[in-house]
Amino acid sequence: NAGVTQTPKFQVLKTGQSMTLQCAQDMNHEYMSWYRQDPGMGLRLIHYSVGAGITDQGEVPNGYNVSRSTTEDFPLRLLSAAPSQTSVYFCASSLRTGGYGYTFGSGTRLTVV
Amino acid sequence: EDQVTQSPEALRLQEGESSSLNCSYTVSGLRGLFWYRQDPGKGPEFLFTLYSAGEEKEKERLKATLTKKESFLHITAPKPEDSATYLCAVSERGSTLGRLYFGRGTQLTVWP
């Protein structure tokens, strides 16, 4: 039981490049989400999913896309990287929506130059 | 306006010196309040969930309590290994997003 697995752990991109951050969970959790964490700020929700085939926007969705073709996987795509997207990205999952604690991955530290 | 405010931002304690961290929230209907611990370079680790005023949860040297508008994380006789950032988050009743509103955290340092 690996929990929530994120890859890669570190990534450097040039402005304008695209990439996909991977997230997989093996706990059969319905709810998955992506957060970004910036210095001096709380975790902010980017996108979330309440089940396979269902996704929606969070607080800061611009510049990011997601899809959920399976229960296990929830990749986050950066369409055209910008320096403002330099951050630490966390994927989190929970058994169901609302009122349940999240299990977080170990994070991806992204730098856009 | 932040939905969740944590104080203090940073706290330094000597080993064995007990203290409390505060988390206040402004959501109108609380579904749940969560405490997490985050070590440098790691993802947040779940500690507690509290659902109603008066509820308390304990784990080793940590005890979380909940009132109508705030929660406290009490640390009794802390050890250096308790050093971490402690995050508070709330979920709002009636929200369809399932999101958690996170505070900015309290960075706790316990020195020997």
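Refer to the preceding data block for the structure.
What counts, and where the lines are drawn
- Residues numbered from 1 in each chain as written.
- Chains lettered and ligands numbered in written order.
- Predicted model: local features only at pLDDT ≥ 70, side-chain atom pairs only at ≥ 80, totals over all residues.
- Heavy atoms only, no water.
- Core = buried A, V, L, I, M, F, W, Y, C linked by side-chain atoms within 4.5 Å.
- Buried < 20%, exposed > 50% of the residue type's maximum accessible area, 1.4 Å probe, protein only.
- Helix = DSSP H or I, 4+ residues; strand = E, 2+ residues; numbered from the N terminus.
- Contact = heavy atoms within 4.5 Å.
- Disulfide = S-S within 2.5 Å.

Asker: Even after reading the chapter, I still don't get the nonpolar core, so can you show me in this structure?
Answerer: Burial of nonpolar side chains together is a common tendency in soluble globular proteins. In this structure, Tyr25, Leu33, Trp35, Leu73, Tyr86 and Val90 of chain B are the most contacted members of the largest nonpolar core, which totals 25 residues. If you list the elements that add at least two residues to this core, you get strand 2 (10–14), strand 3 (19–25), strand 4 (30–38), strand 5 (45–50), strand 7 (62–66), strand 8 (70–75), strand 9 (84–92) and strand 11 (106–111) of chain B. With four residues, strand 9 of chain B is the single largest residue contributor to this core. Once residues lying within four places of it in the same chain are set aside, the contact partners of Leu33 of chain B are Cys23, Tyr25, Phe48, Thr49, Leu50, Leu66, Ser71, Cys88, Ala89 and Val90 of chain B. Counting residues in hydrophobic clusters, the runner-up holds 18 residues, among them Leu13, Ile46, Tyr89 and Leu110 of chain A.

Asker: Just to check I follow, could you spell out the state of the cysteines for this structure?
Answerer: Covalent bonding between the sulfur atoms of two cysteines defines a disulfide. Enumeration over the complete set of coordinates arrives at two disulfides over all chains. The disulfide partner of Cys23 of chain A is Cys91 of chain A, and the gap between their sulfur atoms is 1.9 Å. Looking down the S-S bond of the Cys23 of chain A and Cys91 of chain A bridge, the torsion is -70°, so its handedness is left-handed. Of the two residues, Cys23 of chain A is situated in strand 3 (residues 19–25) and Cys91 of chain A in strand 9 (residues 87–94); the sequence distance between them amounts to 68 residues. Disulfide pairing is shown between Cys23 of chain B and Cys88 of chain B; the S-S distance is 1.9 Å. Between Cys23 of chain B and Cys88 of chain B, the S-S dihedral sits near -65°, and the bridge is therefore left-handed. On the criterion of sequence distance, the pair formed by Cys23 of chain B in strand 3 and Cys88 of chain B in strand 9 is long-range, its members being 65 residues apart. Using a relative accessible area of 0% as the deciding quantity, one classes Cys23 of chain B as buried.

Asker: Looking at this structure, how should I read unusual backbone geometry?
Answerer: For residues other than glycine, phi is negative in most cases, and the peptide bonds are mostly trans. Pro8 of chain A follows Thr7 of chain A through a cis peptide bond whose omega is -5°. Relative to the assigned elements, Pro8 of chain A resides in the loop between strand 1 (4–7) and strand 2 (10–13). With an omega of -10°, the peptide bond running from Ser7 of chain B to Pro8 of chain B counts as cis. If you trace the backbone, Pro8 of chain B turns up in the loop between strand 1 (4–7) and strand 2. Even without being a glycine, Glu60 of chain B presents a positive backbone phi close to 55°. Residue position: Glu60 of chain B is located in the loop between strand 6 (56–59) and strand 7. For Glu60 of chain B, a relative accessible area of 70% translates into the label exposed.

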